Amino acid sequence: DAMVIQNPRYQVTQFGKPVTLSCSQTLNHNVMYWYQQKSSQAPKLLFHYYDKDFNNEADTPDNFQSRRPNTSFCFLDIRSPGLGDAAMYLCATSRDLNRVTEAFFGQGTRLTVV
Amino acid sequence: ELKVEQNPLFLSMQEGKNYTIYCNYSTTSDRLYWYRQDPGKSLESLFVLLSNGAVKQEGRLMASLDTKARLSTLHITAAVHDLSATYFCAVDKGSQGNLIFGKGTKLSVKP
């Protein structure tokens with residue numbers, strides 16, 4: 001059974017039109033992460049939540065925001081997508097920050113910007 | 001700044017052959033991860049190495065960690081076509097749980 005579920009799997013959005021990607025987890029993990037992976041590149045962390053505490057990476061553009069209304073759900077909002085934001089967006093969870101033994105990744109959402 | 005370097009970045013090998021992928025990282029860390037990614041898919045966790053000298057094996061893959069050398073290896077034994085994928089190593093940046101990934105090794109196993 002899928003433990004980290006991302007919706008949708010594929011998203012096409014227009015240049016400049018706000019888009020939201022969704023992630024849910026059944027693991028009851030404290031930490032949820034959003035990674036961006038551009039074609040043929042390594043995943044790059046955008047931000048993470050530890051419970052309700054939000055931690056933004058220093059080089060994450062302001063265009064990217066996140067919400068975590070409860071333990072199970074986390075959303076990635078892209079306020080004004082540009083062509084350069086086309087990528088695979090990966091959500092991951094882990095039990096704790098200080099005892100990271102494994103991060104569980106969702107199937108990803110592939111975002112296309114037209 | 002933590003840097004993670006993998007080599008080779010591309011690897012074409014014949015079925016039945018052995019090979020090793022190397023992962024070097026630049027600062028102290030005792031947590032290293034190996035992931036597999038198939039084209040268009042997400043990351044599948046292969047190994048979590050948590051201490052110096054750790055060695056883990058699963059099927060034809062074996063991973064090891066030398067924290068003093070800041071080096072991890074992923075050894076492939078008697079490769080089969082099903083192992084064709086991109087393999088990433090990742091190092092934990094610290095208590096913030098930020099994984100820094102290497103650029104990945106794209107493995108192609110040919111008959």
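Look a little higher up for the structure.
A quick note: this is a predicted structure, and the numbers were derived from the prediction, not measured.

S.K.: How do you make sense of the overall build of chain B when you look at a structure like this?
M.R.: A tally of helices and strands in chain B yields 0 helices and 11 strands. Of the regular secondary structure in chain B, the N- to C-terminal order runs β-β-β-β-β-β-β-β-β-β-β. Computed over its C-alpha atoms, the radius of gyration of chain B comes to 13 Å, within 12% of the 13 Å expected for a compact globule of 111 residues. When the backbone C-alpha atoms are referred to their principal axes, chain B occupies close to 45 × 30 × 20 Å. Looking at chain B as a whole, 44% of its 111 residues qualify as buried.

S.K.: What's the story with the sheet that holds strand E8 (residues 71-76) of chain B in this structure? I'm lost.
M.R.: In a beta sheet, neighbouring strands pair by backbone hydrogen bonds and run either parallel or antiparallel. Residues and elements named next belong to chain B. A sheet is described by the order of its strands in space; here 5 strands give the open sequence E1-E3-E8-E7-E6, paired in antiparallel fashion. Either end of the sheet is taken by a strand with one partner, and the two such strands are strand E1 (4-7) and strand E6 (55-58). Averaged over all adjacent pairs, the angle separating strand axes in this sheet is 15°, with direction ignored. Pairing analysis gives 4 bridges linking E6 to strand E7 (residues 61-66), with the strands arranged antiparallel. Bridge pairing links Glu58 to Leu61 in E7.

S.K.: Even after reading the chapter, I still don't get the nonpolar core, so can you show me in this structure?
M.R.: Side chains that are nonpolar tend, in soluble globular proteins, to be buried together. Residues and elements named next belong to chain B. Counting 25 residues, the largest nonpolar core has Leu32, Trp34, Leu74, Ile76, Tyr87 and Leu107 as its most contacted members. For this core, the secondary-structure elements that each account for two or more residues are strand E2 (10-14), strand E3 (19-25), strand E4 (32-37), strand E5 (43-49), E7, E8, strand E9 (85-92) and strand E11 (105-110). Top contributing element to this core by residue count: E9, with 4 residues.

S.K.: Can you help me understand the interface of chain A and chain B in this one?
M.R.: Where the parts come together, the accessible area they lose is often given as the size of the interface. Contacts between the two partners involve 24 residues from chain A and, on the opposite side, 22 residues from chain B. Taken over both partners, the interface formed by chain A and chain B buries close to 1700 Å², and the fraction arising from carbon and sulfur atoms is 49%. Counting every contact that joins chain A to chain B gives 0 salt bridges. Put simply, chain A and chain B have 3 residue pairs in polar contact (both at pLDDT 80 or more) between them. Elements that contribute at least two residues to the side of chain A that touches chain B include exactly strand E4 (31-37), strand E5 (44-50) and strand E9 (87-94) of chain A.

S.K.: Explanation requested: the packing of aromatic side chains in the structure shown.
M.R.: Aromatic rings considered in pairs are described by the distance between their centres and by the relative angle of their planes. According to the stated counting rule, one finds 11 aromatic pairs over all chains in the structure shown. Taken together, a centroid distance of 6.1 Å and an interplanar angle of 35° make the contact between Phe64 of chain A and Tyr89 of chain A tilted. Here Phe64 of chain A is found in strand E7 (residues 64-67), whereas its partner Tyr89 of chain A is found in strand E9, with 25 residues between them in sequence. Given a relative accessible area of 4%, Phe64 of chain A falls into the buried group. Within the aromatic cluster, the residues linked to one another by ring pairs are Tyr33, Tyr35 and Phe105 of chain A together with Tyr35, Phe88 and Phe101 of chain B.

S.K.: Explain the environment of Tyr35 of chain A here, please?
M.R.: In this structure, Tyr35 of chain A sits in strand E4. A relative accessible area of 1% places Tyr35 of chain A in the buried class. Linking Tyr35 of chain A and Gly108 of chain A, residues 73 residues apart in sequence, is a C-alpha distance of 9.4 Å. A distance of 3.4 Å separates a polar side-chain atom of Tyr35 of chain A from the backbone nitrogen of Leu99 of chain B.

What counts and how
- Residues numbered from 1 in each chain as written.
- Chains lettered and ligands numbered in written order.
- Predicted model: local features only at pLDDT ≥ 70, side-chain atom pairs only at ≥ 80, totals over all residues.
- Heavy atoms only, no water.
- Helix = DSSP H or I, 4+ residues; strand = E, 2+ residues; numbered from the N terminus.
- Rg over C-alpha atoms; globule rule 2.2 N^0.38 Å.
- Buried < 20%, exposed > 50% of the residue type's maximum accessible area, 1.4 Å probe, protein only.
- Pairing = 2+ DSSP bridges.
- Axes fitted to C-alpha atoms, helices over the stretch in contact; angles between N-to-C directions.
- Core = buried A, V, L, I, M, F, W, Y, C linked by side-chain atoms within 4.5 Å.
- Contact = heavy atoms within 4.5 Å.
- Buried area = accessible area lost by both parts, 1.4 Å probe.
- Salt bridge = Lys/Arg side-chain N within 4 Å of Asp/Glu carboxyl O.
- Polar contact = N/O pair within 3.5 Å; in protein donor to acceptor, adjacent residues only side chain to side chain.
- Phe/Tyr/Trp six-rings, centres within 6.5 Å; stacked < 30°, edge-to-face > 60°.

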